[in-house]
Amino acid sequence: ANKTRDGFTHGDLTGPTESCIALMSRGVASLQGVMVRGPQGPAGFWIWEEGAGQAVSLVRISIGRQGAAELAAVAAAARLHARGIPLLCLGGSETESLDHFKRKLGPVRSVALSTVNLPVVAPS
């Protein structure tokens, strides 16, 4: 609820996670993940897809507990290292705070991205 102040709808925030969980449940995609727990229970998770010598981050959730996101990053890195995967693409940063978090993880390289509006094309 507190993230909607950044201009995101509830669906914007929950849709990607719901889609990943649905794909995992149906066995459609080869997704992996880790869940981190705090003293009161689940504190967050990270889900990614593996392939071609790297993993691609799909969704990451931290449930407001200090350090949960960092702990999830460490757990994901350990799991990937154990599986022989040396790279994790962290994905884009839709907000300045998300960019700050991802830069804190010490990426080995970064690519500047921009958003463009695509014209809507009616199906033929």
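A brief report on the enclosed structure follows. (Residues numbered from 1 in each chain as written. Predicted model: local features only at pLDDT ≥ 70, side-chain atom pairs only at ≥ 80, totals over all residues. Heavy atoms only, no water.)

Considerations on the overall build of the protein chain
So, step 1. A count of helical and extended segments in the protein chain gives 3 helices and 4 strands.
So, step 2. Ordered by position in the sequence, the α and β elements of the protein chain form the string α-β-β-β-α-β-α.
So, step 3. Here the C-alpha coordinates of the protein chain stretch approximately 50 × 35 × 35 Å along the principal axes.
So, step 4. Look at the contacts in the protein chain between residues 6 or more apart in sequence, and 44% of them connect residues 24 or more apart. (Helix = DSSP H or I, 4+ residues; strand = E, 2+ residues; numbered from the N terminus. Contact = heavy atoms within 4.5 Å.)

Overview of the layout of surface pockets
So, step 1. Approximately 940 Å³ is the volume attributed to the second largest pocket.
So, step 2. Together, 30 residues line the second largest pocket, and Leu88, Cys89, Leu90, Pro107 and Arg109 are the ones closest to its centre.
So, step 3. The set of elements that each furnish at least two residues to the lining of the second largest pocket consists of helix H2 (68-82), strand E4 (87-89) and helix H3 (96-104).
So, step 4. Sorting elements by how many residues they give to the lining of the second largest pocket places H2 first, with 4 residues.
So, step 5. Residue classes in the lining of the second largest pocket are distributed as 16 nonpolar, 9 polar and 5 charged. (1 Å grid on protein atoms, 1.4 Å probe; cavity = no way out; pocket = protein on both sides within 12 Å on 5 of 7 lines; lining within 4 Å. Points joined across faces, edges and corners; volume = space filled by probe spheres on them. Nonpolar A, V, L, I, M, F, W, Y, C, P; charged D, E, K, R; others polar.)

Regarding the pairing of strand E2 (residues 41-51)
So, step 1. For E2, a buried count of 8 out of 11 residues is recorded, marking the element as mostly surrounded by other parts of the structure.
So, step 2. As paired strands, strand E1 (residues 31-38) and E2 are joined by 8 bridges and run antiparallel to one another. Considered in E2, the bridge of Val36 is made with Gly44.
So, step 3. Hairpin connection, E1 to E2: the antiparallel pair is bridged by 2 residues. (Buried < 20%, exposed > 50% of the residue type's maximum accessible area, 1.4 Å probe, protein only. Pairing = 2+ DSSP bridges.)

As for the nonpolar core
So, step 1. Counting residues in each nonpolar core, the largest one holds 16 residues, and the members touching the most others are Val34, Trp46, Trp48, Ala55, Leu80 and Phe101.
So, step 2. For this core, the secondary structure elements donating two or more residues are E1, E2, H2 and H3.
So, step 3. Of all the elements, H2 adds the most residues to this core, at 6 residues.
So, step 4. The residues contacting Leu80, other than those within four sequence positions of it, are Trp48, Glu50, Ala55, Ile85 and Leu88.
So, step 5. Counting 5 residues, the second largest nonpolar core, distinct from the first, contains Cys20, Leu31, Ile47 and Val59. (Core = buried A, V, L, I, M, F, W, Y, C linked by side-chain atoms within 4.5 Å.)

Some points on H2
So, step 1. Taking 1.5 Å per residue as the helical rise, H2 with its 15 residues ought to reach 21 Å, and the 21 Å between its terminal C-alpha atoms agrees with that figure.
So, step 2. Of the residues one or two after H2, Gly84 is the one with positive phi, at around 80°. (Expected span 1.5 Å × (residues − 1).)

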